[in-house]
Amino acid sequence: NTEDPWRPFDKFRVYMADLESTLHYSLRVELGAQSVFQGRALTSLKAYISVLAKYFPGRPIVTNLLKDLNSWLQKQTGDRISYEAFKEKLENDAQSPNSTLPDGVRWVGCQGSQPHFRRYPCGVWTLFHVLTVQANSKGSDPQEVLRAMRSYVHNFFGCRECAGHFENMAAETLEQVTSLPTAVLWLWSRHNVVNNRLAGALSEDPQFPKIQWPPPDMCSACHAVKDNGEHTWNLTEVLKFLLTYFSSDRILTDYLE
Ligand code: FAD
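Residues numbered from 1 in each chain as written. Predicted model: local features only at pLDDT ≥ 70, side-chain atom pairs only at ≥ 80, totals over all residues.

Student: So what exactly am I meant to see when it comes to the site of the ligand here?
Tutor: P121, C122, C162, H191 and W213 are the nearest of the 25 residues found near the ligand. Looking at the shell around the ligand, the elements with two or more residues in it are helix 5 (120–138), helix 7 (160–173) and helix 8 (180–198). Across the shell around the ligand, the residue classes break down as 15 nonpolar, seven polar and three charged. (Near = placed C-beta within 6 Å. Helix = DSSP H or I, 4+ residues; strand = E, 2+ residues; numbered from the N terminus. Nonpolar A, V, L, I, M, F, W, Y, C, P; charged D, E, K, R; others polar.)

In structure tokens form, the structure reads like this:
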């Protein structure tokens, strides 16, 4: 929507408005491209909604909806669920007084300088970074969130080229994730691999260049220099930084409906 007013934001912070916009787009638009979920797609849908219900650090009205949707979904024992049935449950819940999901997007930290830049893909990264950080303190299975992300992207993510790239990376290295903190670091480092590949590409918003993140002005302690002068990351500091940056109590609630 080109008439969207520009919303001033802090580039160094995470916004709940982006996370809710991502949920809206994912549950109502991206999943709506499927007519029916069965087999792996159904398993994938269940795993995705389950990690959202467990770890989405949202407003109670939104987490109520996710939890209710999840209990309904896990109770479905048939081998297929139509998107229509899923949507009916979602929209029913969204109308109850104590649960909702704003109907529409309001990008803030994921705004782009043009409508075709950033937005939903930025929201997907942000959402899963936040979920790995939540799971770090609340979860027990180190790969739970990453497996849900992998299969969501593989089955449903609209950018099919992105999905192929991500699946290759996951197939190569996801098995190495054996602890909750390494899951947080795995997603961070895979995201930097993608940033590196996309730097200078046509999909890059010139106002938001792809960099190796976090840059020194966000976390100077994250950066180190090896004896031979090469750049390296201080992983202890990076982890500390990620756990703070994506933590639920630092998420800003500006611009929420
Ligand atoms: P994004 O890369 O979307 O990042 C969003 C925000 O996360 C940044 O603004 C920053 O605050 C933060 N961030 C940046 N780097 C990191 C990091 N390493 N760790 C933690 N936080 C970070 N596009 C393609 O053209 N080709 C692809 O193959 C492709 N594959 C993708 C695969 C996946 C799984 C996803 C979710 C997206 C993919 N995209 C791909 C889209 C692309 O990665 C960007 O999301 C999109 O170009 C928008 O970029 P952005 O500037 O908003 O920053």
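Once you've had a look at it, read on.
Student: How should helix 6 (residues 144–156) be read in this particular structure?
Tutor: Within an α-helix, residues lying three or four positions from one another point in the same direction, as the helix has 3.6 residues per turn. In this model helix 6 runs 18 Å from its N-terminal to its C-terminal C-alpha over 13 residues, within 8% of the 18 Å that 1.5 Å per residue would give. On its buried face, helix 6 is in contact with helix 2 (40–55), helix 5, helix 7 and helix 8. (Expected span 1.5 Å × (residues − 1). Contact = placed C-beta atoms within 7 Å.)

Student: Sorry, what's going on with the nonpolar core here?
Tutor: Here is a general trend for soluble globular proteins: nonpolar side chains tend to be buried in one another's company. Judged by nonpolar contacts, the single largest core of 59 residues is most densely connected at L131, V145 and A183. Per-element accounting of this core gives the leading share, nine residues, to helix 5. With residues near it in sequence (within four places) discarded, A183 still touches T132, A135, P142, Q143, V145, L146 and V177. (Core = buried A, V, L, I, M, F, W, Y, C linked by C-beta atoms within 7 Å. Buried ≥ 20, exposed ≤ 12 C-beta atoms within 10 Å, placed from the backbone.)

Student: Whenever I open this one, unusual backbone geometry confuses me. Can you help?
Tutor: Only a minority of non-glycine residues have a phi that is not negative, and only a minority of peptide bonds are not trans. A cis amide bond, omega 0°, links W213 with the succeeding residue P214. In this fold, P214 is placed in the loop between helix 8 and strand 3 (223–225). Here the phi dihedral of Y255 falls at roughly 70°; this positive angle occurs in a residue that is not glycine. Summarising the element assignment, Y255 is placed in the segment after helix 9 (235–245).

Student: Help me out: how do you make sense of the packing of helix 6 against helix 7 in this one?
Tutor: When two helices pack together, their arrangement is given by the angle between their axes and by how far apart the axes lie. At a minimum axis distance of 9 Å, the contact between helix 6 and helix 7 shows a crossing angle of 145°. For the element pair helix 6 and helix 7, the recorded crossing hand is left-handed. Contacts between helix 6 and helix 7 involve R150, V153 and H154 from the former and A163, F166, E167 and A170 from the latter. When the residues that make up the contact of helix 6 with helix 7 are grouped by side-chain class, the tally is four nonpolar, one polar and two charged. (Axes fitted to C-alpha atoms, helices over the stretch in contact; angles between N-to-C directions. Left-handed = near helix turned anticlockwise from the far one by under 90°.)

Student: Honestly, the confidence of the model for the protein in this entry has me stumped. Any pointers?
Tutor: Any segment with low pLDDT has predicted coordinates that should not be analysed in fine detail. For the protein, the average pLDDT comes to 96, and 99% of its residues sit at 70 or higher. Among the scores for the predicted complex, ipTM is 0.99 and pTM is 0.98. (pLDDT = per-residue confidence, 0-100.)

Student: In this structure, what is going on with the environment of Q95? I would like to understand it.
Tutor: When you line up the elements, Q95 lands in the loop between helix 4 (83–94) and helix 5. You can call Q95 exposed: it has 9 C-beta atoms within 10 Å. In this structure the C-alpha to C-alpha distance between Q95 and Y120, which are 25 residues apart in sequence, comes to 24 Å.

Student: How do you make sense of the environment of D103 when you look at a structure like this?
Tutor: Looking at the element boundaries, D103 is found in the loop between helix 4 and helix 5. Sequence separation between D103 and R28 is 75 residues, and the spatial gap between their C-alpha atoms is 8.7 Å.

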